[in-house]
Amino acid sequence: MKIICIGRNYAEHAAELNNPVPGKPVVFMKPATALLVNDKPFYYPEFSKEIHHEIEVVLKICKNGRHVQPEFAGQYYEQIALGIDFTARDIQDECKKKGHPWEIAKAFDDSAVLGAFVPLDAVDAKQIRFELRKNGAPVQQGNTADLLFPFEEIIVYVSRFFRLHVGDLIYTGTPAGVGPVQIGDLLEGILFTKEGKEKKLFSCEVK
Ligand code: MG
């Protein structure tokens, strides 16, 4: 199983970190050891002083494939979840400055929070609304209608480089509003169904 992540996939988020809007998807990966499931707490790692939350819609790949053609890309996922791409922003800034890879800032243990999956037909698939709450207050609000590279384009692009396998996960990028977490924070991922109802898909306490 692999975890493929897309960076800078919402224009407002790219702008808040002073990054240009990319012409192609920005792709990185996390190993399976990054997964944090079942509402387990996140233990603040000793190597960073600036861990940021990034809530993202997560696709679960349901079909094996490579070089997926655009007209078939929609068949490669049937369920979505919400997750957090925890990022050691202080370390990422250093890596970026030096032109180094991001893994130690992005792919560390427990950096990929993953909530419960819901079937695609529970949501308005072209405009999925979601929110991250920190200690009860909304800090990030997203709508997948604003994705620079929609789900199908991501699948087409990444499958040129990496064979997709059933069970692979794709973190599709975070909307604006990223920010630091502190020990004691409670993070909750809220999805809005097509009827507009709130559904909490994960909660994660920072310890
Ligand atoms: Mg991210």
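Residues numbered from 1 in each chain as written. Predicted model: local features only at pLDDT ≥ 70, side-chain atom pairs only at ≥ 80, totals over all residues. Heavy atoms only, no water.

K.L.:
Which parts of the structure should I look at to understand the layout of surface pockets?
P.N.:
It is a probe the size of a water molecule, rolled over the atoms, that shows where empty space is left. Quantified by volume, the largest pocket comes out at close to 150 Å³. Lining the largest pocket, in full, are Tyr77, Leu120, Ala125, Lys126, Thr144, Ala145, Leu147, Pro150, Phe151 and Glu152. Split by residue class, the lining of the largest pocket holds seven nonpolar, one polar and two charged. (1 Å grid on protein atoms, 1.4 Å probe; cavity = no way out; pocket = protein on both sides within 12 Å on 5 of 7 lines; lining within 4 Å. Points joined across faces, edges and corners; volume = space filled by probe spheres on them. Nonpolar A, V, L, I, M, F, W, Y, C, P; charged D, E, K, R; others polar.)

K.L.:
I keep staring at the pattern of salt bridges and nothing clicks. Help me out?
P.N.:
A complete count under the given rule lists eight salt bridges for this structure. A salt bridge links Glu198 to Arg133; the shortest N-O distance between them is 3.0 Å. With Glu198 in strand β15 (residues 198-205) and Arg133 in strand β10 (residues 129-134), this pair connects stretches of sequence that are 65 residues apart. Put simply, Glu188 and Lys200 hold a salt bridge, and the shortest N to O gap is 3.0 Å. Here Glu188, found in strand β14 (residues 186-192), pairs with Lys200, found in strand β15; they are 12 residues apart in sequence, far enough to count as distant. Look at the salt bridges and you will find they share partners, linking Lys30, Glu54, Asp85, Arg89 and Lys106 into a network. (Salt bridge = Lys/Arg side-chain N within 4 Å of Asp/Glu carboxyl O. Helix = DSSP H or I, 4+ residues; strand = E, 2+ residues; numbered from the N terminus.)

K.L.:
Please explain the packing of aromatic side chains as it appears in this structure.
P.N.:
Describing an aromatic ring pair means giving the distance of the ring centres and the angle of the ring planes. For the coordinates displayed, the defined rule picks out six aromatic pairs. Here Tyr77 and Phe151 contribute two aromatic rings whose centre-to-centre distance is 5.6 Å and whose plane-to-plane angle is 85°, an arrangement assigned as edge-to-face. Pair noted here: Tyr77 is in strand β6 (residues 77-85) and Phe151 is in helix α4 (residues 151-158), with a separation of 74 residues, a long-range link. With relative accessibility at 6%, the residue Tyr77 sits in the buried group. On the basis of relative accessible area, Phe151 is assigned to the buried category, the value being 3%. Grouped by ring-pair contacts, the aromatic residues Tyr157, Phe161 and Phe162 constitute a single cluster. The residue whose ring lies beneath Lys60 is Phe117, and the NZ or CZ to ring-centre distance is 4.4 Å. (Phe/Tyr/Trp six-rings, centres within 6.5 Å; stacked < 30°, edge-to-face > 60°. Buried < 20%, exposed > 50% of the residue type's maximum accessible area, 1.4 Å probe, protein only. Lys NZ or Arg CZ within 6 Å of the ring centre and 35° of its normal.)

K.L.:
What's the story with empty space enclosed by the protein in this structure? I'm lost.
P.N.:
This structure, assessed with the given rule, holds one cavity of 30 Å³ or more. Empty space within the largest cavity amounts to approximately 110 Å³. In terms of lining, the largest cavity is formed by 16 residues, of which the most central are Arg8, His13, Glu54, Gln92 and Lys106. A per-element tally of the lining of the largest cavity places helix α2 (residues 89-98) first, with three residues. In the lining of the largest cavity, the residues fall into three nonpolar, six polar and seven charged.

K.L.:
Is there a simple way to explain the coordination of the magnesium ion in this structure?
P.N.:
Distances from the magnesium ion to its protein donors, namely Glu54 (OE), Glu56 (OE) and Asp85 (OD), fall within the range 2.0 to 2.1 Å. Taken in chain order, the donor set of the magnesium ion reads E-x1-E-x28-D. Here Asp85 lies in strand β6 and Glu56 lies in strand β5 (residues 55-61), a separation of 29 residues in the sequence. Glu56 gets classed as buried once you look at its relative accessible area, which sits at 1%. (Donors = N, O, S within 2.8 Å, 3.2 Å for Na, K, Ca; no water.)

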